[in-house]
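# Notes for the structure review
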2 protein chains.
Amino acid sequence: MIHARDGAARAGVLHTAHGDVRTPAFVPLASNATVKTLRAAEVAELGYEMVLGNTFHLFIQPGAELIRELGGLHEFMGWERAIITDSGGYQVFSMGHGSVAEEIKRRRDPRESMVLAIEEDGVRFRSYLDGSERFMGPETSMEVQAALGSDIALAFDECTPFHVDREYTARSMERTHRWLDRCLAWRREHGPREQLLFGIVQGGVHRDLRSEATAYVAAAGVDGIAIGGSLGKEKAQMHEVVGWVLRDLPGDPPRHLLGIGDVDDLVHAVGDGVDTFDCATPTRLARHGTALVPDAQRRWRLDLGRGPHRTERVPIDEDCPCPACRDHTRAYLHYLVRTGELTGKRLLTIHNLTFMARLMRGMREAIEAGDYAAFASGVLDGDAGAALNARAAG
Amino acid sequence: MIHARDGAARAGVLHTAHGDVRTPAFVPLASNATVKTLRAAEVAELGYEMVLGNTFHLFIQPGAELIRELGGLHEFMGWERAIITDSGGYQVFSMGHGSVAEEIKRRRDPRESMVLAIEEDGVRFRSYLDGSERFMGPETSMEVQAALGSDIALAFDECTPFHVDREYTARSMERTHRWLDRCLAWRREHGPREQLLFGIVQGGVHRDLRSEATAYVAAAGVDGIAIGGSLGKEKAQMHEVVGWVLRDLPGDPPRHLLGIGDVDDLVHAVGDGVDTFDCATPTRLARHGTALVPDAQRRWRLDLGRGPHRTERVPIDEDCPCPACRDHTRAYLHYLVRTGELTGKRLLTIHNLTFMARLMRGMREAIEAGDYAAFASGVLDGDAGAALNARAAG
């Protein structure tokens, strides 16, 4: 439900079986049933109303049936608010396209997951856990997401990479559409009533394919759309591609942008009318020692592992209310980063998620106040601190 | 200050420049200026009044002078309560004796620290950080501990290993005594007034050497004693050695037992009159997936990575008030352990430190009530849950 508009930007509420999500919203990744370093209650305390669970990882370990037996993903991880699950397609295909997800690589040693065959029916691959042969297609993805009991499921798709040609992108998109129809058919027969289904708009960086995909997905009878696949090589192209989809989209369905989380990208995409985002970047940067800061000159990033922070007796951000900033200095965080201490990964995770929550709240309030353009340029031109604090004070 | 006795067991308060420590107390390790996975405020919330900082690690990285410039260790890590620092001797000598501390090994890849020479003056060794040659002797240790600004410093000693003969143990003990005198001399000239100094009783498993060491350290003019070195091959021998020292000890100085933290060992040692303990075990077990439980049959340990916990929809311990037990199931914790999630390491750290805090509180209250023997046999005979809960309710 949209209750405020400012240009193409929208502020509203996404209703789910586990409560409302105020939009625009950033959705932290709880890939393995946990936002890394945080327990569920802490994610809620940071103000988040939805997290993203990873269908592929949970399918492999501990398995969807076990999670169903244990009461579903909400119960399993102790999270009472909304959950969106991805379709599993991204991870399955990233193996096939030669870029095994980094997170998998780091955890599982010698045996990598590998794609055995991509067919009309779905994808056969080897599990990174035990080397066994597994299969995932549209129906499997829907079954797994139903077992997880997420509030929003994503239709199974091929996440088309950037380096393939137009012809491959077109054929892949058409298959994604046939898979969407199968997801919808599965849902009509088996689907849990309370679970929303979002379709994914593919089509790469091609204007006509994105138009075709947008029209197809919008007409298919989904509860929302997600924008996926290759969004181009550069940020300017991404903004263009996202703009195409949103301008072509009929009606007011919820719009999710998959895997995008840089500050400038969010500001632009919200300006174009995106409601929700998920992305590993804020939490992954934290685990690697980088804090998000309201400073466009630094591209909103402060690498605390760098030498100059060694002696700095000031917090990351004077105005940030998080415990990393309230109680600790950059010098201490620098030391924790350098020694690889888990406390450092955790403090920076809390800081970055606090930053993202403040940024999204600032956007919502700016849209409601009808001054989103001023807020956006405040953030993008380096005055994000003032922009965030003005909002926080209001 | 001792305010209650029950047999040889004592309950009291250790006064420090950063507040009182109620004893008997367990002291969590904050080796790298953090109790791993927790920030300082959280350690205080768990009820701890003192942590142990690691002189050797902090000497190597980030360096004692930097910590002094940043306001001392309390300020650096944001911890306002008491800090005890070890002397650095344990880590320095564990390199030389061929058992480089595991924690170092895991963190630093190819370059291991190594001892170059052990001399009367002190120890020359290679830093694990950058391969540079470093030196630590009694004066260095005291200088570093003064720069850190700990509330209790430990005199520099050789932590005599088990596999050496009586002759080596005797010579090493005598050198430790000469080093104690040098620490005391340094302190008379430079020492911060508010810093207490504990001497370390060595002497291995030899009755006469332990007697000699106890008499020497007690007469030297220290503020407390710590029992270090080899305590034998088996628990029974450890209890015997600790008993010798405590029975020989004149007067009522504070008594710290170095590096011991198993439940049964604490129960026995408190019964013999030990006041404080530090140990890596409770927090290290947590990071490896093992929870402490009030169950002597299991040796107070529950390995959550084991298969049977995969489907258990019950908490680690129904009666434990920690968030891991209040909000989460064994099944979820099993999954976090298996996937190596930092959230699991953290939840188990909080649980194990909650368990230790409850255990020590139970001991203090039992001593005050004059029924320590009953409490001890409650814990040791498998009824620890009842023992802890009776205390917690009282």
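About the thresholds
Residues numbered from 1 in each chain as written. Chains lettered and ligands numbered in written order. Predicted model: local features only at pLDDT ≥ 70, side-chain atom pairs only at ≥ 80, totals over all residues. Least-squares fit on C-alpha atoms with pLDDT ≥ 70 in both. Contact = placed C-beta atoms within 7 Å. Buried ≥ 20, exposed ≤ 12 C-beta atoms within 10 Å, placed from the backbone. Helix = DSSP H or I, 4+ residues; strand = E, 2+ residues; numbered from the N terminus. Pairing = 2+ DSSP bridges. Domains from an automatic or database assignment. pLDDT = per-residue confidence, 0-100. Axes fitted to C-alpha atoms, helices over the stretch in contact; angles between N-to-C directions. Parallel < 35°, antiparallel > 145°, perpendicular 65-115°, else oblique. Left-handed = near helix turned anticlockwise from the far one by under 90°. Nonpolar A, V, L, I, M, F, W, Y, C, P; charged D, E, K, R; others polar.

Attention now moves to the relation of the copies chain A and chain B. Screw-axis analysis of chain A against chain B gives a translation of 0.0 Å along the axis, an RMSD of 0.0 Å, and a rotation angle of 180°. The transformation just described matches what one would write down for a two-fold rotation axis. The rotation axis passes nearest to the C-alpha of Leu 342 of chain A in chain A, at a distance of 3.7 Å. When you check the interface residues of chain A against chain B, 100% turn up at the interface there too, and the contact is symmetric in its surfaces.

The subject of this paragraph is the pairing of strand E2 (residues 9-16) of chain A. All names here are of chain A. Among the 8 residues in E2, 6 count as buried, and that is most of the element. Both strand E1 (residues 2-6) and E2 contribute to a ladder of 4 bridges, which runs antiparallel. Pairing of Asp 6 across the sheet is with Ala 9, part of E2. Remark: 2 residues form the turn of the hairpin made by E1 and E2, two consecutive strands paired antiparallel; Gly 7 in that turn has positive phi of roughly 65°. Summarising the sheet, E2 and strand E3 (residues 19-23) pair through 5 bridges and their orientation is antiparallel. Residue pairing for E3: Gly 12 is matched across the bridge by Thr 23. Following E2, the chain reverses through 2 residues before pairing antiparallel with E3.

Residues and elements named next belong to chain A. The assigned domain composition of chain A is domain 1 (2-279) and domain 2 (286-393). On a C-alpha basis, the centroid separation for the pair domain 1 and domain 2 is 27 Å. The partner domain 2 presents 20 residues to the 23 residues of domain 1 that form the contact. Put simply, the parts of the chain that give the side of domain 1 that touches domain 2 at least two residues each are E1, E2, strand E4 (25-27) and helix H11 (263-272). The leading source of residues in the side of domain 1 that touches domain 2 is H11, at 6 residues.

The next subject is the confidence of the model for chain A. Per-residue confidence for chain A averages 92 on the pLDDT scale, and 93% of its residues sit at or above 70. Across the interface, the model reports ipTM at 0.94; the global pTM reads 0.94.

Further remarks concern the packing of helix H7 (residues 138-148) of chain A against helix H8 (residues 166-190) of chain A. All names here are of chain A. Where H7 contacts H8, the axes come no closer than 8 Å and their chain directions differ by 45°. In this view, H7 runs oblique relative to H8, as classed from their interaxial angle. Like other packed secondary-structure pairs, H7 and H8 cross with a definite hand, here right-handed. Counted together, Pro 138, Glu 139, Met 142 and Ala 146 of H7 and Trp 179, Arg 182, Cys 183, Trp 186, Arg 187 and His 190 of H8 form the full contact between these two elements. Class assignment for the residues of the contact of H7 with H8 results in 6 nonpolar, 1 polar and 3 charged.

Residues and elements named next belong to chain B. Counting through the fold element by element, Ile 225 comes out in strand E13 (residues 224-227). Along the sequence, Ile 225 and Leu 197 sit 28 residues apart, while their C-alpha atoms lie 8.5 Å from each other. With near-sequence residues (within four places) excluded, Ile 225 lies in contact with Phe 198, Gly 199, Val 201, Val 217, Ala 218, Leu 249, Pro 253 and Arg 255.

In this section: the interface of chain A and chain B. Opposite the 36 residues of chain A that make contact, chain B presents 36 residues. For the side of chain A that touches chain B, the class distribution of residues is 15 nonpolar, 10 polar and 11 charged.

All names here are of chain B. What the 9 strands build is an open sheet, ordered E4-E15-E14-E13-E12-E11-E7-E6-E5; its pairing is parallel. Strand pairing shows two members of the sheet lacking a second neighbour, strand E4 (25-27) and strand E5 (29-30), which therefore form its edges. Two elements, strand E6 (residues 50-53) and strand E7 (residues 82-85), share 4 bridges in a ladder whose sense is parallel. The partner of Gly 53 across the bridge, within E7, is Thr 85.

Two faces make up the sheet, and in a regular strand the side chains alternate between them. All names here are of chain A. Most of strand E12 (residues 196-201) is tucked away, with 6 of its 6 residues classed as buried. The two faces of E12 match: Leu 196, Phe 198 and Ile 200 on one face and Leu 197, Gly 199 and Val 201 on the other face are all buried. Judged from the 3 bridges that link them, strand E11 (residues 152-154) and E12 form a sheet pairing that is parallel. Each residue of the ladder has a partner; that of Ile 152, found in E12, is Leu 196. As defined by bridge partners, E12 adjoins strand E13 (residues 224-227) across 4 bridges and the pair is classed as parallel.

Residue and element names in this part refer to chain B. Here Ala 8 lies in the loop between strand E1 (2-6) and strand E2 (9-16). Separated by 238 residues in the primary sequence, Ala 8 and Leu 246 place their C-alpha atoms 9.0 Å from one another. Setting aside residues no more than four positions away along its own chain, Ala 8 makes contact with Leu 246, Gly 271, Asp 272 and Gly 273.

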